[in-house]
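Remarks on the overall topology
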Amino acid sequence: MDTRGIYLGAPLLIALSVFGAGGAVAQGTPEQQEACKPDVFRLCGNFIPNVDAIIACLRTNEPNLSPPCHDVMFPYVPEPPKPKAKVKARAKPKPKKKPG
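Per chain, residues are indexed from 1 in the order of the written sequence. Under the rules for a predicted model, residues below a pLDDT of 70 receive no local features and side-chain atom pairs below 80 are neither given nor counted, while totals for whole chains, interfaces and linings still include all residues. Only hydrogens and water are removed before side-chain values are computed, so all heavy atoms of the structure are retained for them.

Considering unusual backbone geometry
- Each neighbour pair has its own omega, and for I48 with P49 the value is 10 degrees, a cis peptide bond.
- Helix and strand assignments come from DSSP, with helices taken as H or I runs of at least 4 residues and strands as E runs of at least 2, each series counted from the N terminus. Of note, P49 is situated in the loop between α2 (30-44) and α3 (51-60).

Set out below in structure tokens:
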């Protein structure tokens, strides 16, 4: 029996529940939790069961994360559209009155 899975389960669950959505407090789905388990073993196994160290390790190893784990740790959040700047129309110069 692989006891590492037992020791990893709870810390990874907590880590992804707290940090999984871009650092925001959110409940990680079982799919999200499973997405990073192989990467934790591969890249950050020496930090088990330290949740904060696992999260830091995963974030530091961003280029080495599997695509599913990368999506969990660094979710795409589109930027809201920027308001368009209003262009002020130039006032036409008033014709000068002829003296007279």
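More follows now that the structure is in view.
Some thoughts on the nonpolar core
- We call a set of buried Ala, Val, Leu, Ile, Met, Phe, Trp, Tyr and Cys residues a nonpolar core when their side-chain atoms join them within 4.5 Å. We call a residue buried when its accessible area falls under 20% of the maximum for its residue type, exposed when it is over 50%, and partly exposed in between, using a 1.4 Å probe and counting protein chains only. Core analysis: the largest hydrophobic core is formed by 13 residues, its most contacted members being C36, L58, L65, C69 and M73.
- Contributions of two or more residues to this core are made by α2, α3 and α4 (67-73).
- Here the element with the most residues in this core is α3; it accounts for five residues.

Quick look at the side chain of N61
- Within the secondary structure, N61 sits in the loop between α3 and α4.
- In the analysis that follows, any N or O atom pair within 3.5 Å is treated as a polar contact, provided that within protein one partner can donate a hydrogen and the other can accept it, and provided that, for residues neighboring in sequence, both atoms belong to side chains. For N61, the side chain forms a polar contact with the main-chain oxygen of C57, separated by 2.9 Å.
- Here, residues are in contact when the closest pair of their heavy atoms is within 4.5 Å. Once residues lying within four places of it in the same chain are set aside, the contact partners of N61 are L43 and C44.

Quick look at the packing of α2 against α3
- Relative to each other, α2 and α3 sit at 90 degrees, their axes nearing to 10 Å. Taken together, the axis directions place α2 and α3 in an arrangement best described as roughly perpendicular. Every residue of α3 that contacts α2 at C36, D39, V40, L43 and C44 is listed here: I54, C57 and L58.
- Split into classes, the residues belonging to the contact of α2 with α3 amount to seven nonpolar, no polar and one charged. Every angle, taken between N-to-C directions, lies between 0 and 180 degrees, and every axis is a line fitted to C-alpha atoms, over only the stretch in contact when it is a helix. Oblique is the label for any angle not covered by the other classes, which are roughly parallel (under 35 degrees), roughly antiparallel (over 145) and roughly perpendicular (65 to 115). Residues are grouped as follows: Ala, Val, Leu, Ile, Met, Phe, Trp, Tyr, Cys and Pro are nonpolar; Asp, Glu, Lys and Arg are charged; every other residue, Gly included, is polar.

Observations regarding the environment of A35
- Relative to the helices and strands, A35 resides in helix α2.
- Between the alpha carbons of A35 and S66 there is a distance of 8.2 Å; along the sequence they are 31 residues apart.
- In contact with A35, not counting residues within four places along its chain, are S66, P68, C69 and V72.

A few points about the confidence of the model for the protein
- Summary of the metric used: pLDDT quantifies the predictor's per-residue confidence within the range 0 to 100. Averaged over all residues, the pLDDT of the protein is 76; the fraction at 70 or higher stands at 61%.
- In the predicted structure, residues 17-27 sits below a pLDDT of 50 and forms 27 contacts with residues beyond four places in sequence or in another chain.

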